[in-house]
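# Summary of structural features
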Amino acid sequence: MTVSSAPGKVYLFGEHAVVYGEPAIPCAVERRATVTADPRDDDHIRVEAADLSLDGFTVEYGGPTDDAPDVDVPTPLLRAAMGYVDAAVEQARDAVGDESVGFDITVESDIPLGAGLGSSAAVVVAGIDAATRACGVDLPPEEIAERAYRAEHQVQDGQASRADTFCSAMGGAVRVEGDDCRTIDAPELPFVVGFDGGAGDTGELVAGVRKLREEYDFAADTVTAIGDVVRTGEALLADADPDDPPSDELLAELGGLLNFDHGLLEALGVSSRSLDAMVWSAREAGAHGAKLTGAGGGGCIVALDPTDATETALRYTPDCDDVFRAELATEGVRAEGDGTTGDDAPAGAESSEGAEE
Ligand SMILES: Nc1ncnc2c1ncn2[C@@H]1O[C@H](COP(=O)(O)OP(=O)(O)OP(=O)(O)O)[C@@H](O)[C@H]1O
Ligand SMILES: C[C@@](O)(CCO)CC(=O)[O-]
Ligand SMILES: [Mg+2]
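Rules of the game
Residues numbered from 1 in each chain as written. Chains lettered and ligands numbered in written order. Predicted model: local features only at pLDDT ≥ 70, side-chain atom pairs only at ≥ 80, totals over all residues. Heavy atoms only, no water. UniProt positions renumbered as here; feature names shortened; annotations may be inferred. Domains from an automatic or database assignment. Contact = heavy atoms within 4.5 Å. Buried area = accessible area lost by both parts, 1.4 Å probe. Helix = DSSP H or I, 4+ residues; strand = E, 2+ residues; numbered from the N terminus. Buried < 20%, exposed > 50% of the residue type's maximum accessible area, 1.4 Å probe, protein only. Polar contact = N/O pair within 3.5 Å; in protein donor to acceptor, adjacent residues only side chain to side chain. Near = heavy atom within 4 Å. Areas by Shrake-Rupley, 256 points an atom, 1.4 Å probe, with all protein chains shown as cover. Nonpolar A, V, L, I, M, F, W, Y, C, P; charged D, E, K, R; others polar. Patch = residues over 30% accessible without salt bridge, like charges linked within 9 Å, V, L, I, M, F, W, Y side chains within 5 Å. Salt bridge = Lys/Arg side-chain N within 4 Å of Asp/Glu carboxyl O. Lys, Arg positive; Asp, Glu negative; His and termini not counted. Charge placed at Lys NZ, Arg CZ, Asp CG, Glu CD. 1 Å grid on protein atoms, 1.4 Å probe; cavity = no way out; pocket = protein on both sides within 12 Å on 5 of 7 lines; lining within 4 Å. Points joined across faces, edges and corners; volume = space filled by probe spheres on them. Core = buried A, V, L, I, M, F, W, Y, C linked by side-chain atoms within 4.5 Å.

Per an unreviewed UniProt entry, the protein chain carries the name Mevalonate kinase and comes from Salinirubrum litoreum. Of the protein chain, the UniProt comment under Function (unreviewed entry) reads exactly: "Catalyzes the phosphorylation of (R)-mevalonate (MVA) to (R)-mevalonate 5-phosphate (MVAP). Functions in the mevalonate (MVA) pathway leading to isopentenyl diphosphate (IPP), a key precursor for the biosynthesis of isoprenoid compounds such as archaeal membrane lipids." UniProt lists a comment for the protein chain under the heading Cofactor (unreviewed entry), and it reads "Mg(2+)".

What follows is the structure, given as structure tokens:
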């Protein structure tokens, strides 16, 4: 039995525009998805996902060609819920070179679903790591990131950037522009997350921006302007000492850019009344800046505030269901104490670096 975990993320800047080749800077945060994988004697996959909003269910189904799972849940719903786990297993099978290996998979997560904190990426990243290690193959995090991207890309019908999956696999602050993905140095930023208890449909929201961008030059310019905000923000981060706490001046400048980014995302139609309400509560409480994070439509905002004022204000905001401080997760995907890591890896374990197809 192998257990892996991977973090969720908040976007400092650049969601949506990253889909069209602009840079983005997501930061991994200490909320993790944990996946346990146990190879089976047959080619079945059995998934326990107790945190799914369907109240959780257990399902067992056949090999890659079996498309009729025996479960009392409408098939499209099941497919939507299981798509990411399925795609992770497919990538793991490909990586270990055994298309018919079956698994018992358990998913546990403290990342709210569909709320902009990258739950899908964390589940896919941790799933690929757990399933491949369960077969004695230790993939480098860069390859996990690439395979997790392919999985998200497939499930989201081609509407995915590498940002969420690379960030979850590598941890820390990262910069993604097209297929150029790198980790960057950044000071520990005082992220406060407000969650409205809801969710947005990533595919639908991305499709909406795509349509606007194709229809109106000013929408395309708005996407480019988000890229400009990111470029300005990354220059500020590059000038800061990553080992020192960020100065008030830096936080004020970054916060102003968060506010600008939120305004551009709002213009692109991906905010919502509750996200705007939380953003304004944070700003009025004295946060340096606040914006929605992730796909939008509902879910989470992120604010910069080293004091308790934003957390307190959000607690009293009717649209806010939960509020928490989000520490930067410096570690990306990692093995959790399961006795099969490093020197304890099963006989025959090998690095499959270069096993790219
Ligand atoms: N704990 C979990 N167990 C099983 N599947 C999960 C779990 N968490 C997330 N998922 C999968 O991820 C999907 C949500 O992904 P989606 O991309 O819509 O939102 P997100 O990743 O949380 O937010 P964003 O992409 O905006 O950052 C769920 O519908 C489910 O398929
Ligand atoms: C909206 C988006 O930019 C971020 C979702 O977390 C989509 C993507 O990058 O795949
Ligand atoms: Mg996602």
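Right, picking up where we left off after that structure.
With that settled, consider the domain arrangement of the protein chain. When the domains of the protein chain are assigned, the result is domain 1 (2-184) and domain 2 (191-326). Between domain 1 and domain 2, the C-alpha centre-to-centre distance is 24 Å. Taken together, the contacts link 28 residues of domain 1 with 41 residues of domain 2. Around 2800 Å² of area is buried between domain 1 and domain 2 when both sides are counted, 67% of it from carbon and sulfur atoms.

Among the secondary structure elements, serine 168 is positioned in helix H4 (residues 163-170). Residue serine 168 is classed as buried on the basis of its relative accessible area, which comes to 1%. At a separation of 2.8 Å, a polar atom in the side chain of serine 168 contacts the main-chain carbonyl oxygen of proline 7. Each residue touching serine 168, except ones within four places of it in the same chain, is listed here: Ala6, Pro7, Ala121, Ala122, Val125, Gly332 and Val333.

Every residue lining ligand 2 is accounted for by Lys9, Tyr11, Glu15, His16, Val18, Val19, Ala160, Ser161, Asp164, Val206, Gly294 and Ala295. Here lysine 9 contributes a side-chain N or O atom positioned 3.0 Å from an oxygen atom of ligand 2. One of the side-chain nitrogen or oxygen atoms of aspartate 164 is found 2.8 Å away from an oxygen atom of ligand 2. Considering ligand 2 on its own, with 300 Å² of exposed area, one finds that the protein chains cover 96% of that surface. Partitioned by chemical class, the residues of the shell around ligand 2 number six nonpolar, three polar and three charged. Here the shell around ligand 2 gathers at least three residues from each of two domains, domain 1 (2-184) and domain 2 (191-326).

Turning next to a negative patch on the surface. A contiguous patch of negative charge, built from Asp185, Asp241, Asp243 and Asp244, is present on the exposed surface. Note on placement: aspartate 185 falls in the loop between strand S8 (180-184) and strand S9 (191-195).

What follows deals with the UniProt feature "domain: GHMP kinase N-terminal" (unreviewed entry) in the protein chain. As annotated by UniProt and renumbered to match this structure, "domain: GHMP kinase N-terminal" (unreviewed entry) occupies residues 84-172. As a span, residues 84-172 carries 58% helix and 10% strand, and end to end its C-alpha atoms are 23 Å apart.

Looking now at the environment of glycine 198. Counting through the fold element by element, glycine 198 comes out in the loop between S9 and helix H5 (202-215). Those residues in contact with glycine 198, other than ones at most four positions away along the chain, are Leu113, Ala115, Gly298 and Gly299.

The next point concerns empty space enclosed by the protein. Scanning the entire structure with this criterion turns up two cavities of 30 Å³ or more. Its volume calculated, the largest cavity comes out at about 50 Å³. For the largest cavity, the full set of lining residues is Val35, Val85, Ala88, Val89, Ile105, Val107, Val123, Gly127, Ile128 and Ala131. Taken together, the elements giving at least two residues each to the lining of the largest cavity come down to helix H1 (75-96), strand S5 (103-109) and helix H2 (119-134). When the residues that make up the lining of the largest cavity are grouped by side-chain class, the tally is nine nonpolar, one polar and no charged.

Side chains of a nonpolar character, in soluble globular proteins, are inclined to be buried together. Core analysis: the largest hydrophobic core is formed by 105 residues, its most contacted members being Val10, Leu12, Phe13, Ile105, Phe191 and Leu254. For this core, the leading source of residues is H1, giving nine residues. Mapped onto the domain boundaries, this core takes at least three residues apiece from domain 1 (2-184) and domain 2 (191-326). Excluding anything up to four places from it in sequence, phenylalanine 13 contacts Ala24, Ile25, Val229, Val230, Gly233, Leu254, Leu257, Leu258, Asp261 and Lys291.

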